[in-house]
Amino acid sequence: MTRFFMSDAHLGENFKKREELKLARLHSFLEMVLARGRELYIVGDLFDFWFEYRHAIPKHHLRTILKFARLKEAGIDLHYITGNHDHWLGDFLSGEVGFEIHRDDYRTELDGKRLLITHGDGIAKKDRGYRMLKRILRNRFNIFMYRLIPPDLGIPLAKHVSQTSRGHTQKRPKESFLAEYRNYAHQQLRSGEDIVIIAHTHVPEKVEFEEGLYFNTGDWVENFSYLEMEAGRIELKFWEDSSA
């Protein structure tokens, strides 16, 4: 059976036509995972915004959540490595859907290969301010206080902040930004990892170093890219579905 890795679908963007395309392709991809998969890794930013109140979650993602629940019921292990749009991930996806949530870096061994899987937010040198903001956003007291805002106000406000974060990332010089990620991956490979998987940049990549392999999962906004791993071999692929 096969392991799959994907990231950066940013479901819930305010672009209706693009959202319909993303959902159609993602749902057909998940049907393929249901037929062939053993494990599915979401490497961050599945949703453009996700915040859980004690008795409320964003309603627009119900169909997608049910798809994931179906995978779990079929015996497929679900992993979620949090990204920069996932600071307020609560216990709904783990307790009710069955995701195993991994905060920040996740190191594991699969098929005899040592893997580092991380979303990658905060890797760039210019992300010093963001790294401080990340600690503030994840603070339990701050999350508690935000939940005091009624959902009909709190959810749109947080969604606006999420869109601002995406805009900041998109303004960066692309090539220098990507080079920092390649350098970081190379350092991790030199430290003993066999495969490094990063997301966040929205640029799918495969880079072969002498010490091992670096992959970037790309995105499900424009590239519809993912990784497929079977018997220790891993490939970068692009999903194209005629029904989408």
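So, how was this worked out
Residues numbered from 1 in each chain as written. Predicted model: local features only at pLDDT ≥ 70, side-chain atom pairs only at ≥ 80, totals over all residues. Heavy atoms only, no water. Buried < 20%, exposed > 50% of the residue type's maximum accessible area, 1.4 Å probe, protein only. Helix = DSSP H or I, 4+ residues; strand = E, 2+ residues; numbered from the N terminus. Pairing = 2+ DSSP bridges. Phe/Tyr/Trp six-rings, centres within 6.5 Å; stacked < 30°, edge-to-face > 60°. Contact = heavy atoms within 4.5 Å. Polar contact = N/O pair within 3.5 Å; in protein donor to acceptor, adjacent residues only side chain to side chain. Expected span 1.5 Å × (residues − 1). Arc of directions from axis to C-beta. Axes fitted to C-alpha atoms, helices over the stretch in contact; angles between N-to-C directions.

Some details on the pairing of strand β8 (residues 205-208)
Okay, step 1: Residues Glu205 and Val207 line the buried face of β8, whereas the alternating positions Lys206 and Glu208 sit on a face that is not buried.
Okay, step 2: As defined by bridge partners, β8 adjoins strand β9 (residues 213-216) across four bridges and the pair is classed as antiparallel. Residue pairing across strands places Val207 opposite Tyr214, the latter belonging to β9.
Okay, step 3: Following β8, the chain reverses through four residues before pairing antiparallel with β9.

Things to note about the packing of aromatic side chains
Okay, step 1: Counted under the stated rule, the structure contains 11 aromatic pairs.
Okay, step 2: Their ring planes at 85° and their centres at 6.0 Å tell us that Phe4 and Phe29 sit as a pair that is edge-to-face. Here Phe4, found in strand β1 (residues 2-6), pairs with Phe29, found in helix α1 (residues 16-36); they are 25 residues apart in sequence, far enough to count as distant.
Okay, step 3: Residues Phe5 and Tyr41 carry aromatic rings whose centres are separated by 4.7 Å and whose planes lie at 15° to one another, so their mutual orientation is stacked. Residue Phe5 is located in strand β1, and its partner Tyr41 is located in strand β2 (residues 37-42); the two are separated by 36 residues in the primary sequence.
Okay, step 4: Phe5 gets classed as buried once you look at its relative accessible area, which sits at 0%.

Notes on the environment of Val221
Okay, step 1: Along the polypeptide, Val221 turns up in the loop between β9 and β10 (225-230).
Okay, step 2: Each C-alpha atom, one on Val221 and one on Glu19, is 8.4 Å from the other, the two residues being 202 residues apart in sequence.
Okay, step 3: Dropping the residues within four chain positions of it, Val221 is found in contact with Asp8, Ala9, His10, Glu13, Arg18, Lys22 and His202.

Concerning the side chain of Glu19
Okay, step 1: Tracing the backbone through its elements, the reader meets Glu19 in helix α1.
Okay, step 2: Residue classification places Glu19 among the buried residues on the basis of a relative accessible area of 13%.

A look at the environment of Glu31
Okay, step 1: Tracing the sequence through the fold places Glu31 in helix α1.
Okay, step 2: Among the residues examined, Glu31 registers a relative accessible area of 29% and is labelled partly exposed.
Okay, step 3: Along the backbone, Glu31 and Phe68 are 37 residues apart, and their C-alpha atoms lie at a distance of 9.8 Å.
Okay, step 4: Non-local contacts of Glu31, meaning those with residues more than four positions away in its chain, are made with Lys67 and Arg70.
Okay, step 5: Only 3.0 Å separates the side chain of Glu31 from the side chain of Lys67, close enough to count as a polar contact.

Overview of helix α2 (residues 62-73)
Residues spaced three or four apart along an α-helix point in a common direction, a consequence of the helix completing one turn every 3.6 residues.
Okay, step 1: For α2, built from 12 residues, the straight-helix expectation of 16 Å at 1.5 Å per residue is met to within 8% by its first-to-last C-alpha distance of 16 Å.
Okay, step 2: Looking only at α2, the buried set comprises Thr64, Ile65, Phe68, Ala69 and Leu71. Down the axis of α2, the smallest arc covering the buried residues is 155°, so these residues share one side. In α2, the exposed positions that point more than 90 degrees away from the buried face belong to Leu62, Arg63, Leu66 and Glu73.
Okay, step 3: Looking one or two residues beyond α2, the residue adopting positive phi is Gly75, at roughly 95°.

Focus: the sheet that holds strand β7 (residues 195-198)
Okay, step 1: With mixed pairing, five strands are arranged side by side in an open sheet as β5-β6-β7-β9-β8. The open sheet has two edge strands, β5 (106-110) and β8, and neither has a second partner. For this sheet, the mean angle separating the axes of adjacent strands, direction not counted, is 20°.
Okay, step 2: Contacts from helix α7 (residues 174-190) reach β5, β6 (113-118), β7, β8 and β9, with the element oriented near 150° to β7.

Any link to function would need more than the numbers given here.
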